Structure formats: structure tokens, C-alpha cells
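Given next are the chains, with one letter for each unit.
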Amino acid sequence: MKSKTPKVLHSICGRSLVGHVVTAAESLDPAELVVVVGHAREQVAAHLADAAPGARTAVQAEQNGTGHAVRVALEQLAEQTGTPADGTVLVVCGDTPLLTGETLQALAATHAADGNAVTVLTAEVPDATGYGRIIRDEATGAVSGIVEHKDASDTQRAIREINSGVFAFDGKLLAEALSQVRTDNSQGEEYLTDVLGILRAAGHRVGASVAADHHEIAGINNRVQLAEARRMLNDRLLHAAMMAGVTVVDPGSTWVDATVSFEPDALLQPNTQLLGASHVAAGAEVGPGCTLTDTRVGEGAHVINTVANSATIGAEANVGPYAYLRPGTRLGPKAKAGTYVEMKNAEIGEGTKVPHLSYVGDATIGEYSNIGAASVFVNYDGLAKHHTTIGSHCRTGSDNMFVAPVTVGDGAYTAAGSVITKDVPPGSLAVARGQQRNIEGWVARKRPGSAAAEAAAKAAEDQGQEG
């Protein structure tokens, strides 16, 4: 990956690579879930503590192969629980984010139904380079072994059925076979795949479950593969959304996280990104040109050319174009945050409009009020943030400054150009601006010969002729 970030912590569609794998594994409701950590284990373990608090970690201090990793996991799990692993043990790779819970369920079901000691998840791929090849018995078609690419003959490398690195084992037989794994291979490592041959030689059944889509088992080893997996997973998520009743006008320019949710009849316009725990309700329209993170969009709302983070947009509200909703913004039903409006930690009541060119920060605005253009809620004094309250059915003028803390009562008006520093009683008109003073002849005296002076002189001449 050529990165300071451990490979399994690179993310696509709202989760780390290992996070996607853990989510797929969790869908089986396992009795124990263990993640083996080795390289950069402090970072990976810290991430898992937050992303998968139900998972245990097992430390592989020296990376001596896949078999060694599983052996370490079983040994440390037995120490932590006081009992050896029993029942079915599934082994999956931490860099396969496209793997689904459904495929793991099918693997476990095949393993149980066939009574296998081990069942390997396989797939037919167009290019098997780098993968372990599945060797089958010519007479029965049963799996007789797996040969790693580096150890395979030319004939074996022509095989297109590959090992996914995902297995279902009988737990007791797995532990016994791991103690017999040797390191006489090109890497000098303990290969987990050698367990298949050991179990088969002991007379146990070795079977396979073939994945329906070979893309599911694709491992990520560089940034190109990361981008390819992101596109495939995004397509999968959008397909599921559309099949559930969501309209996606241009899937090619629409990106969603795996944690995003929708209701039927939501509409996504082009160039839209929905991230985190965002939710789009029925009849809402988002886009074009939106990036919403952890934001809820209510029924029938319209959001266009907007960036929103941890905001709530009420039913039938209108946002944008070119609006910025920061954390803590809550727009009530039928409210409006219009063109070039920024909001932060603001509660906006039903039907209230902030149409354009304004900043509303640390504020509460009641119902059906109107905030004039170019208004600023002056919430920061250089040391602390302060709150502004605007009542219901208020009409505030354009180019107002509300210097917090300040309250404007219900039904009050404020004049254009006012700097409101004192509370305004309900039903009052607040005027807070200097008196206008015109200084006649100032341009002619201070800017003689300028274009402005010439224009003023001509205007005076024209007025004299008209008079």
C-alpha cells in the first residue's frame, strides 16, 4: 500500500477493510470472534476496540504464516476462555472487504451438511496469478490439496479455481492438524492450507463451497485494488438501494457508505455523496452536488449543492444551493437554509427561513420567522461561544448583526443594517444604526479630476438645465 496506515485500516464505503470483514463475520452470530493482529497491532487493536468492541484480539508477535496465525488465535482464545475451541471454526482474511455474510452462511451450511473436517471457499477467476490453486481428485472431484502460487508447477498454475483463504474447520481436528504443519516450503512458513492435506491423509472429508461471485474473495494489496473494490462495493450498495425503491439518477457519480439507510421513493441526483450514518426519508430529494455526513433528511425535503455534517433536516425543508450545515444544526419541518447560508449548533423552527448570505451559529429560532439577507449571529467573543434566541413570527432586517448573548422576542422586527446588542421585547421594532449624514461637494473637493468628480459635475449640470 506504500502507506503509514496498516493495510487493513484503509477504508472503503465507510468502513475499514477489516471492519467490512468483521461485519460479515458478525452476521453469523459467532460464539467467539477473534482478530489476529501482528504488524502495527497497536493501531489495529485500537481501531477494533472502537469499531468491533465484541471482538477479541490475538497477538501474532512474529508473522510466521497463516497456519501460525490460526494456531496463535486458538491458543490465546483457549487461555482467555479456559476451554479449547469447539464446534465449527471459520477462518477469514482481513483484507477481503467484498466478502458477504451470505457467502459465509453458505460456507458454514455446506460444511455442516456434508460433514466435512474442513470446507474451503473457492472461486473460479479469470486470472489466478498469486493465488493458491485448488487441486481436486480426478476421479471424485474432491479437494485433495491447495498449492501456493510460488510452489505450483506450470500445470497447476493453469488451474483457475483458487483458494479464497476462507475456511470452515472442525475445531478439534484443526487444532490437532496445526501441530503437524511443517515449514519446508519456499517461504519457510506454516501454511494453513497444509491442514487440508493432513486431514485428508488421516481419512477425513475435505470439501469446497464455490463462491457465486469471485469478486467477493478479492484481497486488497495496493491502491489500484482498493479503488476497484470501492467501486464494486458502491455499485452493490446502490443496486440494493434501487431494488428497495430508491431512485439513483446517475449511479456512476453517486457514492454511499455501507452504513447509509434509505426509505422508498428517496431520490438521489448526480454528484452526491452520502456518508456515515446518513438517512434519506421517503420522498426526499438530495443533490445534485451534495456531501452529507451523519445527516438525516426528512420526508419530502429538498437538498441541493450542500455540505452537511451531523445535521437534521426536517420534513419538506429546503436547503441550498451552496449551504453548509455544521454539527448540531436542526432544521424543523418546512424550514429553509438557502443560498450561501452556514449554520452551526442551530435549532431552526418550523417554517422559518434563512434565505441567503447568512451565518447562524449557536442559536435558537422559533417558528415562521424570517432572517434577512447578510445576517450574522455573532456568537464568539474570542474566548467563549454565546447563544442567540430569535422568537417565532419575527422579521429581522437585512445586514443585521446579533451580538450574543441576545434575545429577540416573538413577533418582533429589526431594522436593516442594525447591530442588535440588547434584548428586543416581543412585538417591538429594534433600530440600531447611526443616522445618515450627507456632506455636499465632498468628491469635488477631495477627489478633483477623478471620474467620480466628473460624473457628479455632469449630473449637477443636467439637473440645472432641467431646472
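This structure is a prediction, so every number in the text was calculated from the model and none was measured.

Undergrad: Sorry if this is basic, but what is going on with the overall build of the chain here?
TA: Helix and strand counts for the chain come out as 10 helices and 36 strands. Whereas a compact globule of 467 residues would reach a radius of gyration of roughly 23 Å, the chain reaches 33 Å, over 25% beyond that. Expressed along its principal axes, the backbone C-alpha trace of the chain runs to roughly 115 × 50 × 40 Å. Taking the intrachain contacts of the chain between residues at least 6 apart in sequence as the baseline, contacts between residues at least 24 apart amount to 35%. For the chain, the accessible area works out to roughly 22,900 Å², and carbon and sulfur atoms hold 51% of it. When the 36 basic and 52 acidic side-chain charges of the chain are each reduced to a single mean position, those positions are 8 Å apart.

Undergrad: Can you help me understand the nonpolar core in this one?
TA: Within soluble globular proteins, side chains that are nonpolar generally end up buried alongside one another. Counting residues in hydrophobic clusters, the biggest one holds 46 residues, and the most contacted among them are Ile313, Leu325, Leu331, Met343 and Val360. Broken down by element, this core gets its largest block of residues, five residues, from strand S26 (residues 336-348). Residue contacts for Leu325: discarding those within four places in its chain leaves Val307, Ala308, Asn309, Ala311, Ile313, Val319, Leu331, Ala337 and Met343. Ranked by size, the runner-up nonpolar core spans 24 residues in total, among them Leu74, Val181, Val195 and Val206.

Undergrad: Help me understand the side chain of Ser358, please; the structure alone is not making it clear to me.
TA: Relative to the elements of secondary structure, Ser358 occurs in strand S27 (residues 353-365). For Ser358, a relative accessible area of 6% translates into the label buried. At 3.4 Å, the side chain of Ser358 and the backbone oxygen of Gly372 are in polar contact.

Undergrad: Got a minute to help me understand the environment of Val260 in this structure?
TA: With respect to the helices and strands, Val260 occurs in the loop between strand S12 (254-256) and strand S13 (261-262). Given a relative accessible area of 11%, Val260 falls into the buried group. Once the C-alpha coordinates of Val260 and Leu237 are considered, the two residues, 23 residues apart in sequence, prove to be 9.2 Å apart. In this structure, Val260 is in contact with Leu274, Leu275, Gly276 and Ser278, ignoring residues within four places of it in sequence.

Undergrad: How should the state of the cysteines be read in this particular structure?
TA: By definition, a disulfide links two cysteine residues through a covalent bond between their sulfur atoms. Enumeration over the complete set of coordinates arrives at zero disulfides. A disulfide-free cysteine, Cys93 has its sulfur positioned 20 Å from the sulfur of Cys13, the nearest such atom.

Undergrad: Would you mind going over the pattern of salt bridges with me for this structure?
TA: Pairing is possible between side chains of opposite charge, provided their charged atoms come close. One pass over the structure, following the stated rule, counts 12 salt bridges. Of the charged contacts in the structure, one is a salt bridge between Arg136 and Glu161, with a shortest N-O distance of 2.8 Å. Here Glu161 lies in strand S9 (residues 161-170) and Arg136 lies in strand S7 (residues 133-136), a separation of 25 residues in the sequence. You can call Arg136 partly exposed: its relative accessible area is 32%.

Undergrad: Explain the packing of aromatic side chains here, please?
TA: Each aromatic ring pair is described using two quantities: the centre-to-centre distance and the angle formed by the ring planes. Counted by the stated rule, this structure contains three aromatic pairs. With a centroid separation of 5.4 Å and an interplanar angle of 15°, the aromatic rings of Tyr322 and Tyr340 are classed as stacked. Linking Tyr322 in the loop between strand S23 (318-319) and strand S24 (323-325) with Tyr340 in strand S26, this pair joins segments that are 18 residues apart in sequence. When its relative accessible area of 45% is taken as the criterion, Tyr322 is described as partly exposed. When the ring of Phe377 is compared with that of Phe402, the centres are 5.0 Å apart and the planes differ by 40°; the resulting orientation is tilted. Placement of the pair is Phe377 in strand S29 (residues 376-378) and Phe402 in strand S32 (residues 401-403), with a sequence separation of 25 residues. Each member of the pair, Phe377 as well as Phe402, carries the same accessibility label: buried. Residue placement shows Lys385 over the ring face of Tyr380; its charged tip is 5.5 Å from the ring centre.

Undergrad: Teacher, can you tell me more about the pairing of S7 here?
TA: Along a regular strand, successive side chains alternate from one face of the sheet to the other. Sheet topology places S7 next to strand S8 (residues 143-147); four bridges connect them, and they run antiparallel. Bridge pairing links Ile134 to Ile146 in S8. Here S7 hands over to S8 after six residues, with Gly141 in that stretch at a positive phi of 80°.

Undergrad: How should I be thinking about the packing of helix H3 (residues 66-81) against helix H6 (residues 171-178) in this particular structure?
TA: The geometry of a pair of packed helices is captured by two quantities: the angle between their axes and the separation between those axes. For the pair H3 and H6, the least separation of the axes is 10 Å and the interaxial angle reads 120°. Here H6 runs oblique to H3, going by the angle between their axes. Like other packed secondary-structure pairs, H3 and H6 cross with a definite hand, here left-handed. Across the interface between the two elements, Gly67, Val70, Arg71 and Leu74 of H3 pack against Leu174, Ala175 and Leu178 of H6. Residues that form the contact of H3 with H6 fall into these classes: five nonpolar, one polar and one charged.

Undergrad: I'm lost on H3 in this one. Help?
TA: Each turn of an α-helix holds 3.6 residues, which means side chains three or four residues apart point in the same direction. Taking 1.5 Å of rise per residue, 16 residues should cover 22 Å, and H3 covers 23 Å from first to last C-alpha, within 8% of that figure. When H3 is considered as a whole, its buried residues turn out to be Gly67, His68, Ala69, Val70, Val72, Ala73, Leu74, Gln76 and Leu77. Looking at the buried residues of H3, the elements they touch are strand S3 (34-37), strand S4 (56-59), strand S5 (88-91) and H6. Gly82 sits one or two residues past H3 and shows a positive phi near 85°.

Undergrad: How should I be thinking about the environment of Gly165 in this particular structure?
TA: Its place among the elements puts Gly165 in strand S9. Aside from chain neighbours lying at most four places away, what touches Gly165 is Val91, Val92 and Cys93.

Undergrad: How should I be thinking about the packing of H6 against helix H7 (residues 194-201) in this particular structure?
TA: One can describe the packing of H6 onto H7 by two numbers: an axis separation of 10 Å at closest approach and a directional angle of 105°. Taken together, H6 and H7 sit at an angle that is classed as roughly perpendicular. Counting all contacts with H6, which are made through Leu173, Leu174, Ala177 and Leu178, the residues of H7 involved are Val195, Ile198 and Leu199. A breakdown of the residues in the contact of H6 with H7 according to their chemical character gives seven nonpolar, no polar and no charged.

Each value, and the rule that gives it
- Residues numbered from 1 in each chain as written.
- Predicted model: local features only at pLDDT ≥ 70, side-chain atom pairs only at ≥ 80, totals over all residues.
- Heavy atoms only, no water.
- Helix = DSSP H or I, 4+ residues; strand = E, 2+ residues; numbered from the N terminus.
- Rg over C-alpha atoms; globule rule 2.2 N^0.38 Å.
- Contact = heavy atoms within 4.5 Å.
- Areas by Shrake-Rupley, 256 points an atom, 1.4 Å probe, with all protein chains shown as cover.
- Lys, Arg positive; Asp, Glu negative; His and termini not counted.
- Charge placed at Lys NZ, Arg CZ, Asp CG, Glu CD.
- Core = buried A, V, L, I, M, F, W, Y, C linked by side-chain atoms within 4.5 Å.
- Buried < 20%, exposed > 50% of the residue type's maximum accessible area, 1.4 Å probe, protein only.
- Polar contact = N/O pair within 3.5 Å; in protein donor to acceptor, adjacent residues only side chain to side chain.
- Disulfide = S-S within 2.5 Å.
- Salt bridge = Lys/Arg side-chain N within 4 Å of Asp/Glu carboxyl O.
- Phe/Tyr/Trp six-rings, centres within 6.5 Å; stacked < 30°, edge-to-face > 60°.
- Lys NZ or Arg CZ within 6 Å of the ring centre and 35° of its normal.
- Pairing = 2+ DSSP bridges.
- Axes fitted to C-alpha atoms, helices over the stretch in contact; angles between N-to-C directions.
- Parallel < 35°, antiparallel > 145°, perpendicular 65-115°, else oblique.
- Left-handed = near helix turned anticlockwise from the far one by under 90°.
- Nonpolar A, V, L, I, M, F, W, Y, C, P; charged D, E, K, R; others polar.
- Expected span 1.5 Å × (residues − 1).

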